[in-house]
Structures are given as C-alpha cells and as structure tokens.
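Examining the three-dimensional arrangement
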Amino acid sequence: MWLRPEEVLLKNALKLWVTEKSNDYFVLQRRRGYGEDSGGLTGNVNVTGSARGYPCSSARHGKATDVLICIQLTLSVFDSGEDITSFVQGKIRGLIAEEGKSAGDEEDPERFREAVLRFERLFGLPQREKLVTYFSCSYWRGRVPNQGWIYLSTNFLCFYSYMLGNEVKLMYPWDEVSRLERTSSVLLAESIRVCVRGEDHYFSMLLRLQQTYLIMQQLAEYAIVRFFDKETFNAEHPLANPLHIMQKALEIHARNQSFRSFFRLPQEENLCEVHESFLWVPFSHVNTLGKICVSENYLCFASQDGSQCHLIIPLWEVFSVELPDRGSRALTVCLRGKRALRFSEVRDFERLAATIRRKCGTAGSPQHYISNPVIDEEGVMVGQSQAVSTEALMNVFHPHDAENLDPKMLKERMKEQSWQIHFAEYGRGSGMFCTKKTRDLIVRGVPETLRGELWMLFSGAVHDMTSHPGYYGRLLEECMGSSSLACDEIERDLHRSLPEHPAFQSDTGISALRRVLTAYAHRNPKIGYCQAMNILTSVLLLYAKEEEAFWLLVAVCERMLPDYFNRRIIGALVDQAVFEELIREHLTQLTEHMTDLSFFSSVSLSWFLTLFISVLPIESAVNVVDCFFYDGIKAILQLGLAVLDYNMDNLLCCHDDAEAVTVLNRFFDSVTNKDSPLPATVQQASATANDKSIQKVDISDLIKESYEKYGNIRTEEVENMRKRNKLYVIQTLEDTTKQNVLRVVAQDVKFSAAQLDELYMLFKRQHFVSCYWSVCSPALQNHDPSLPYLDQYQLDQSQFSSLFNLLQPWTTHTHVRSLARSAFRLLDANGDGLVNFKEFICDILYNRSFTEKLKFLFKLHIQPGKFIGAIEKSVVFCPSGRAKVDLQEYLKQWQEDLQRREENIKDLPRINQVQFIGLTKTLYGVFHGTEEEESLYRAVARVTSLLLRMEEVGRKLQESSLQKTSPTGTSSPVLDTPTDTPSSPSAVRDGNWSFSFEQILASLLNEPSVVRFFERPDLMHISTCRTTKGRMIVREIKTLYCRTANG
C-alpha cells in the first residue's frame, strides 16, 4: 500500500530500518527483520526522506525500485528543494489515488462520478461528452514536469494541473492527433508522445502506462473511423453510440478485432470465452501450451510456447464433448470424420464443455450447394439467371496432364505428395493444424492443383463462403444489368487484366472477371471498384472457382488489406510508412546513403497494391501470393526488404531516383520460377529471360531468403506500426487535401492564404462538431464517398448558423437567426440541405467587390423563392432528398462554376418596404463598432432618405400619368411601363414602396465612406478578431461546442 509520506530522522530510524539504497533525494530502507532470509525485497519496503528532509513515497514489494528510478530522473531538473517537495507530494497523491483505483476490477462508481464532475467543470464541455477514464501523470512543458490528471473522453484528450500557482489546461480533439507512440529517453524514462498540429506533448509517470497507451490508441482509432471514414456500427456493437462509450467497450472491440484478424474469421464473429490449456498434438506427441478461443461458430486454439501451432474448428463439425479425466481437468472434443482434440489443465473445463455443447447445438451446418447444376464444356454453370464459372480458369485453359513426365512436372508431383503427407498427418480443411512445417511448404511453393484450396483456407475466405451460402448468386441477380460509375470503370479495365494470358483473351475469362468485380462493387459501394482490383481478381480466377474468387477478393479488401482499395488508398500509404520504418531498422546502410526514403514509397506502391503481380511474371508472382495468404502483409514487407537487400550494392551506386528505378526494374526482369510447370504460352517471362549474360534469381530462393533474414518480424509488431503510422498518414492527407481545396477556391475569392486557412479549419471543425455527439447527423447520413473530396465536409443549417453567427460582422443585430437561415438557403444551390466549403466561402459576405457584397446582403432580405431563377437547376434530385449528379454532369457544372459570368443585376427582384428596412438595419449592424461608425450611419441615413424621395417622386409621376389616360383605356407610348416596375398601377393601388438593386447600388456608390468600408481588405480581419482576439484556439473550439450543445 502507499503510505502518507513523513519525514523520518535517520539517526533514530537506523535502529528500526536497514538501508538498501540511497541517493541525493531518497533512501530506500527495509524494516529490520523483514526480508532477510530471501535476500530480496519480500517484505514491505518503505522509502523515507533523506537528511535534507525531502518527502518521499512508500511502495509495496518490488515496485519501489522502479518508482524511485523514474522519480529520481525527474527530480534532477528542479533547482530548489521546495519545487522537489511540491512535485513529489503531488505525485504521491496521484499514485495513492491510482492504487485505490486499481484495487478492484471495476471502477468505483462514486470516485468516477466525482471525476466526471471535475472533468465537466474544468473543461466546460457538454454533458453529452463521455469521460472514458482518467489517470494520474506528469505533463512535460519543456524540461519541467507538471503533475496532474489526464482525462480521456470519447472525443478529447484533456489534461489539467495546478502546482505552485501555475495552471496547465490542455484539450485536444482526437481527430487532430497525428502521432501517438511510446517513447523513452534518459530524462523521461518511459512516456507517451502525442503530436497535435505539429506540436509534441509528453506524458510520463503513469503507473499503468501500457493500459493508458492502448486506450488512447483505441480512442484515436475510433475518431478516424467515425470522422474520416464515416463508418457507422449496428445497434448491438459496443461502439455504436458515442454517448455511451466505456473503457470496457473499447477493450471488447479491440479484443474482437485482434481475434478475427489472427484467425481470419468473418466480421460477425466475436470472442466469447478464452481459456488457457494444453492441447495434445498427435504428430509431435507432446502437449503444447496455448489458449482456447470460443466465438459464436468457431473453436480456435493458438499455441504460446513458440511452436507456432494454431487451428480452427467450426462448431458444426463438433458432435460431442467428453470429460474423461476430471483430475487433469481435461476434455475431449470429438469431430466428424473420426477425429478428436484433447485439451487438459483447463481451469474451468466444465464451463468450457457446457459452452461448446450449447454452441455446437445452435451452430447449424451451412448447406453450401446448388441443386442439380448443369455445367457446359467450358466449366460454366448454366440454367440460372447468371452463368457462373465452376472451374478455375487454369483448369479450363491449361488442364493438369497426369502423364506428362517433364522434369518440372515431376517436381510438381513431389510437391503434391509432400502436401498429401502433410494432410494425412496434420489434417485437411478447416481443422488442419498450421505449424512451422506448413509455412516451410508454403515457402517452397504451392502446387498448381492445390493453390485455390489453400488460398481459401489460409485467407479465411472458406469461412465467409460457408457462412453465406447462396450469397454470391443472389448478389449477381441484383447487380447484373445495372448501370453505375463503377460498372463503367470495370468495363474499361477488363481487357487490361493479364491480357497476355489465354484465359483473358476469351469471353469466358472476361465474363467471369466482370461478374466478380461487379458483384463486389454492389456488395461494398464504399469501395466500389478501384484500379489494381482487376489485376488481383484475374489472378484469383486462374486458381479458384468464380464464387471462391469473389470471397477471396472480400477477404483481401476487407480484412487482409484494409483501406487499400479506396479513393485515397490509405491502407497502402500506411503500409509504405511501415516499410520505411523497417528499412531504417534493418537496412541501415541504405538509410545512411538515402536520407529521404520517400522514393521507396513511390516505387513500392504497386508492390503493395498488386502483391508484386504487376512487377513479376505471373508464374513467380503466384508464389508471393501464396505467402501473402498465409502470413498476410508481413510476407510482402519481408519480400520488399529482401529485394532492396539483394540490390544493396547497385542502389548505393545510384546518383538519382531514375537510376534506382532502373536497377529495380532490371532485377524484377531477372526473377524467374525455374520449377513452374506452366507452358511457355502462359508464362510471362521477360525478354531478358533467355539472356545468359544476366544473372537469374529464382523466386523460391528470394522468398526463402526473405524468411531467413526478416522472418523474426512479428505480425503483432507490424499491426502496432500500422496503428501508429495511420494517424500520421491521415493527417498528412488532410493537410494535402486542404492545400488542394484552398488552391481551387482561391481562384474565386479575395481572401489571403492565412484567412482561407483559418476559415477552412473553422469549417472543418464545425463539421466534426456535428458528428461528435450524434450518430444520425445529416453530415453522416448524407455522406457519399463517391463525391469529390471538396464535398466530404458539409454543414447542415443548424451547424451553418452557428458558424455564420460566429463570423458575421454584426454583433447586436436582432435578426441574426433569420439572416443565417436566408444565407444558408442562398448558399445551398443544389437544395440538398447541406453546404460544402466552396459554397460557403465563395458567397460569404467578405468576399469579392463592393457590388458583390451588397448583392449578397440584398439577396439575404428577399423572400424565399424570389431568386430561384438565378440558382443552378442542373441537379437531379433523388426521392430521398439527397442531391445526386452524374459524373459528367458534375464536371460540366464544376467547369461552369469556375468560369461563371457576373450575374445580371437586372434579373434581381425588387425589395419591398419591410425588406428594405431590414436591409438598412443589417447595414447598421455591419457598421457597429467600427472607427467610422458615425459617418457610416449618416451615409446610410442619406441614402435611405434619397431613395424614399425618389420613390415619392415616382409615385406622383405615376398618378399624374394615370389621370391623362384616355377613357378607352389606351395610353400614349411614352407612358407605357411594365407591370412589375415600381411605378405600375398595381404598385400604387397596393400603396407599397419597392426598390430595385440598381437604385440601392447607385445611391450607395455616391457615399465614399460606405464604398471604402466594403472595399477594405481587412474586413475579414475585423470580424475574425471578434472571434479569436484574446482567446486561445481551445476557447474558440469550445464556443462551437457549446453552441452546438445548446442548439
């Protein structure tokens, strides 16, 4: 336990205590008579103050030394004993609270409730912001630590400290975090580094640093999924509602993700129970230690003793569970096919047995078949609405010849025999034991006849297909014949997919490829179709049946290579960042020679997107795909390192990027597969394959070398590096996109670069605010990833009003809300109920010339529907109310928008008395608080008086003209006037005055003070100063949050 620190006089203490260690700040002592026999700190170890009287801590058991070392490194930065005393006391109070917090598995409700109230009071966030957890820690400002508390909520990372009159308060949204990693140094020992907006923040002295780091990582990942990917969860998901996120829910979500990723299981599977046990391995005749993982439909086992043994058992294959030996806490799981698994030393074996019995009774065996199929001579199933190929294309266009005695075919048969022996010993199908021997066979190369089966097994696609019988056929019936942008792109790329292969020179291969790609685009419209998917799918179709190829594509796109195939290829960029990190770690010589490793990112992009298929001949590339389906992205990273290592000497001699590209291209041209049984008509060996002067590299040797040199890279390390680099990649893309958007928008506005940047960040922040505490905000419901990225951040009317009122130049106007509604209606040109940044910025009050600014104010006061004719009407509305446009129509509209002509001011309707009075009030509000306020007020008064006099004169002239009208109703040509003019008879009879925009503009142009004011380049600065002057960005963000909460 932690004790209250007290000063102890060492002279008297020596009678009761024995000193173990000491330094300038602390003395580590053991109570005399305790812990002497064991020779270690087995009793209570107390840390007392030194002779200088500095307070200190008391730790239990072996924790004392670790705490002392960490605190001692920190205290060296202080200059005075008073600062040391204050810091250590604060640290001890935090540790005491932390120890009390960890005393039980569950959080103390009362203590946590107090923390929630303190969190709300300190940071002023809405009550809907959910505090997940909090920890005691130190925040480093320069070289000085500030002891306080870190608060981790759903959307924010917060910290508060108050020491010696110095208050430190931090509040950063998770969506702005670009780096999150564990670091260590001589000064900080172990700490967590958080990078926000290019600024680093360090948090140390955490009692449970790893747990804190994992929670922060999970919250940052959750922010990416919600705000950047715009993903939503079903109602049963633990993270479905951001208002009820708990630490336990985050842990469950992370555990389920890790479980599915390791065993390659469908997304519907969740980890239900975990039991530590021994599994009897029959082929080794030993018990291997590991963990049993049970989900809704699968029983899985993974060893933990270095044997790399794991297996997956579908529960519908289990027909009984027996308890043969209660003394050894064992149970036997009997499977169909006369197989059995024996687990022993299971702590809660009875509960596990009951769980398996219950689940194997509810997990029905999926019936994956099609009754009475009719197959034509090319292996295509007929008799259905859509023909489906039931044979791998390689079997159709290059059938296996059992009588061929070619040396390569003999080697192929030897590989097949090796796998048959493996199946006989380790099992076949879903229940196969996967061990080191399995990986060795994979590295040597998979036989052509078994490739499709093993790809399905190792990728987990077999589980997806088994869990969804008939799904592919139903998908084809829904999507075939439909027209979409994805279908057009697929048709364009069909004949670019392995065009040299005979399978894709015929309608059989092209049709199968079309069906698979179209079905997947229909299944996952978020991805749709992306380039490189055609190349990958064509290879899958060579060795797998059509439906199997579809599920293999699902496994690659949604599980093994997440976020690879989308508009921004985030997943590929993340893995390239991981690749750069591995290059720095393993190829230091190359790193020293090439300080900028971004070159390898650009070169290796195709390696990752196509799994080396685009740079290697097909007969060599399939060996790489073999390893990928077994080891995942780790195999691609290893091979990339091996390629660079093999060409190290040549790369070190390169003077520029072009030479390096040439070196790598020549190397890939030299890669062959000497054992490939494929005929010459199918192989894609380069023109240099027969050149004996070029040294050939066998793909099997290259893969074997990659495993020997870099096989120690663990999958867990790769996943951690992926998570760490994803934040940086996301923020880098956001910065790049911002620059591109501002570059496009800057063509139509007169804002400076700094003003545009500020407005963009405020707009983006307001968009995120609308998503913070809602799962059904319009921005999320109307998210369409197929639209240009300029439309990805949008505001509804409520969010727009908050931002508009924050930026508007008037402060006391009584009609601010109605003006905001009018402005939103005016800017929402396509009528979809949302405004993007371009619509917002191109028509904002501060933009353009005096005439345009006045026209904007004029339109704000016109009744709705009066100026619809001036709005673009080329948008096609869908029944849901969300505006959709064809791509060509959108590009045409975009071009017209960039080259738009000045709107004819004569087309604007007239403004009536009430609207004109509102316009003058708005002008008074704009001028309020400026240096020339009085002169501007007088100018507006003069203009108003002038317009009224002009209108009075017009009315009198109209009345006199009516008196001169002949009795027959005819009038002279001079007095003929349109019916919509202010002098028309209807206007006189109604008794209402009205003004045209031309009249108001002409009158105001005669007032130099008004013209100068609206032409001032710092008008934007006048408004934004009211928002940001004297306030930190945190307070500015808080204003948006509070307005959203109250709205």
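Coordinates for the structure precede this section.
Residues numbered from 1 in each chain as written. Predicted model: local features only at pLDDT ≥ 70, side-chain atom pairs only at ≥ 80, totals over all residues. Heavy atoms only, no water.

1. Some points on the overall build of the protein chain
Going by this rule: For the purposes of this entry, the term helix denotes a DSSP run of H or I that reaches at least four residues, the term strand denotes a run of E that reaches at least two, and both are numbered from the N terminus. Three labels apply to residues, based on accessible area from a 1.4 Å probe with only protein chains included: buried if under 20% of the type maximum, exposed if over 50%, partly exposed otherwise in between. Contact definition: two residues touch when any of their heavy atoms are within 4.5 Å. Computed by Shrake-Rupley with a 1.4 Å probe, the accessible areas treat only the displayed protein chains as cover when residues are assessed.
Each helix and strand counted, the protein chain has 40 helices and 28 strands in total. For the protein chain, the residues scored as buried account for 52% of the 1047 residues in total. If you take every contact in the protein chain between residues at least 6 apart in sequence, the share linking residues at least 24 apart comes to 65%. Carbon and sulfur atoms make up 51% of the accessible area of the protein chain, which amounts to about 48,500 Å² in all.

2. Some remarks on the sheet that holds strand E9 (residues 189-196)
Adjacent strands of a sheet form backbone hydrogen bonds with each other and so pair up, either parallel or antiparallel. How we decide: The criterion for strand pairing is that DSSP finds at least two bridges linking the strands in question. Note on geometry: axes are lines fitted to C-alpha atoms, helical ones only across the stretch in contact, with angles between N-to-C directions running from 0 to 180 degrees.
Taken in spatial order, the seven strands of this open sheet run E7-E6-E5-E4-E10-E9-E8, and their pairing is antiparallel. Each of the sheet's edge strands pairs with one partner strand only, and the pair in question is strand E7 (166-173) and strand E8 (177-185). The mean inter-strand angle of the sheet, taken between neighbouring strand axes irrespective of direction, is 30 degrees. As paired elements, E9 and strand E10 (residues 199-204) share six bridges and run antiparallel to each other. Within the sheet, the bridge partner assigned to Val 196 lies in E10 and is Glu 199. Most of the contacts of helix H5 (residues 209-228) go to E8, to which it runs at about 165 degrees, and overall it touches strand E4 (131-141), strand E5 (144-153), strand E6 (156-163), E8 and E9.

3. Describing the packing of aromatic side chains
Each pair of aromatic rings is reported with the distance of its centres and the angle of its planes. Rule in force here: Each Phe, Tyr or Trp ring (for Trp, its six-membered ring) is paired with any other whose centre lies within 6.5 Å, and the angle between the two planes then decides the class: stacked below 30 degrees, edge-to-face above 60, tilted in between.
In total, this model carries 48 aromatic pairs according to the counting rule given. Considering the side-chain rings of Tyr 139 and Phe 203, the 5.3 Å spacing of their centres and the 40 degrees angle between planes classify their relative orientation as tilted. Of this pair, Tyr 139 sits in strand E4 while Phe 203 sits in strand E10; the two residues are 64 residues apart in sequence, bridging distant segments of the chain. Of the two residues, Tyr 139 and Phe 203, neither departs from the other in class, the shared state being buried. With a centroid separation of 5.5 Å and an interplanar angle of 90 degrees, the aromatic rings of Phe 1013 and Phe 1014 are classed as edge-to-face.

4. So, unusual backbone geometry
Despite not being glycine, Arg 264 shows a phi value in the positive range, around 55 degrees. The buried category is assigned to Arg 264, whose relative accessible area is 13%. Even without a glycine there, the phi angle at Arg 329 is positive, about 50 degrees. Relative to the helices and strands, Arg 329 is located in the loop between strand E15 (318-322) and strand E16 (331-335).

5. Re helix H22 (residues 633-646)
What counts here: Each helix should span, by expectation, one fewer than its residue count multiplied by 1.5 Å.
Between the first and last C-alpha of H22 there are 20 Å, a value that for 14 residues agrees with the 20 Å anticipated at 1.5 Å per step. Counting buried positions along H22 gives 13 out of 14 residues, so the element sits mostly inside the fold.

6. Quick look at the pattern of salt bridges
The following threshold applies: Every case where a carboxyl oxygen of Asp or Glu lies within 4 Å of a side-chain nitrogen of Lys or Arg is listed as a salt bridge.
Taken as a whole and assessed by the stated rule, the structure comprises 37 salt bridges. Lys 738 serves as the salt-bridge partner of Asp 757, at 2.7 Å between the closest nitrogen and oxygen. Highlighted residues: Asp 757 in helix H27 (residues 753-772) and Lys 738 in helix H26 (residues 715-745), separated in sequence by 19 residues. When its relative accessible area of 25% is taken as the criterion, Asp 757 is described as partly exposed. Linked through salt bridges whose partners overlap, the residues forming this network are Glu 181, Arg 193, Asp 200, Glu 581 and Arg 724.

7. What about empty space enclosed by the protein?
If you roll a probe as big as a water molecule over the atoms, it shows you where there is empty space left. In plain terms, the rule: Any residue with an atom within 4 Å of a point lines the site, the site being either a cavity, points on a 1 Å grid over the protein atoms alone where a 1.4 Å probe fits but cannot get out, or a pocket, an open set with protein on both sides within 12 Å along at least 5 of 7 lines. Grid points are joined across faces, edges and corners, and a volume is the space filled by probe spheres set on the points. Here the term charged refers only to Asp, Glu, Lys and Arg, the term nonpolar to Ala, Val, Leu, Ile, Met, Phe, Trp, Tyr, Cys and Pro, and the term polar to all other amino acids, Gly among them.
Under the defined criterion, the tally for this structure stands at six cavities of 30 Å³ or more. Lining the largest cavity are 13 residues, and of these Lys 415, Glu 448, Arg 451, Asn 623 and Asn 673 lie nearest its centre. Mapped by element, the contributors of at least two residues to the lining of the largest cavity are helix H9 (407-426) and helix H21 (618-631). Taken together, the residues that form the lining of the largest cavity break down as three nonpolar, four polar and six charged.

8. Comments concerning the sheet that holds E15
Read from one edge of the open sheet, seven strands run E14-E13-E12-E11-E17-E16-E15, paired in antiparallel fashion. Two strands close off the open sheet at either side, each with one partner strand: strand E14 (310-314) and E15. Taken pair by pair, the neighbouring strands of this sheet meet at an average axis angle of 30 degrees, ignoring direction. Note that strand E11 (residues 273-281) and strand E12 (residues 286-294) share nine bridges and pair antiparallel. Across the sheet, the residue bridging to Val 274 is Cys 293, located in E12. Across the face of the sheet, helix H6 (residues 247-263) comes into contact with E12, strand E13 (298-303) and E14 while running at roughly 80 degrees to E13.

9. Brief notes about the side chain of Ser 801
Among the structural elements, Ser 801 can be located in helix H29 (residues 797-807). The buried category is assigned to Ser 801, whose relative accessible area is 15%.

10. Let's talk about the packing of helix H32 (residues 850-860) against helix H38 (residues 1008-1015)
The criterion, for reference: Each angle is binned into one of four classes, with values under 35 degrees roughly parallel, values over 145 roughly antiparallel, values of 65 to 115 roughly perpendicular, and all other values oblique.
Viewed as axis vectors pointing N to C, H32 and H38 meet at an angle of 90 degrees, and their least axial separation amounts to 9 Å. Considering the angle they form, H32 stands roughly perpendicular to H38. Mapping the contact onto sequence places Phe 850, Lys 853 and Leu 857 in H32 and Val 1010, Val 1011, Phe 1014 and Glu 1015 in H38.

11. Looking at a negative patch on the surface
This is how it is decided: Nonpolar side chains (Val, Leu, Ile, Met, Phe, Trp, Tyr) within 5 Å and like charges within 9 Å form the patches, drawn only from residues with over 30% relative accessible area and no salt bridge. For the charge count, each Lys or Arg is scored as positive and each Asp or Glu as negative, with His and the chain ends excluded. We put the charge of a Lys on NZ, of an Arg on CZ, of an Asp on CG and of a Glu on CD.
Negative charge collects at one region of the surface, where Asp 596, Asp 656, Asp 657 and Glu 659 lie side by side. Secondary-structure assignment places Asp 656 in the loop between helix H23 (648-652) and helix H24 (657-670).

12. Side note on the environment of Arg 264
Rules: Pairing of N or O atoms within 3.5 Å defines a polar contact, subject to two protein rules: one partner must be a possible hydrogen donor and the other a possible acceptor, and residues neighboring in sequence count only if both atoms are side-chain atoms.
Note on placement: Arg 264 falls in the loop between H6 and E11. Arg 264 sits 196 residues away from Gly 460 along the chain, and the two C-alpha atoms are 4.8 Å apart. Reaching out from Arg 264, the side chain makes a polar contact with the backbone oxygen of Phe 458 at a distance of 2.7 Å. Looking at Arg 264, its side chain comes within polar contact range of the main-chain oxygen of Tyr 630, at 3.4 Å.

13. With respect to the pairing of E16
Working note: regular strand, side chains alternate between the two faces of the sheet. In terms of residue burial, E16 counts as a mostly covered element, since five of its five residues are buried. Bridging between E15 and E16 involves four bridges; their strand directions are antiparallel. Across the sheet, residue Glu 322 finds its bridge partner in E16, namely Thr 332. Two elements, E16 and strand E17 (residues 339-344), share five bridges in a ladder whose sense is antiparallel. Its bridge partner lying in E17, Cys 334 is registered against Ala 340. Linking two consecutive strands that pair antiparallel, namely E16 and E17, is a turn of three residues; a positive phi of about 90 degrees is found at Gly 337 within it.

Everything listed is a geometric property; what it means functionally is a separate question.
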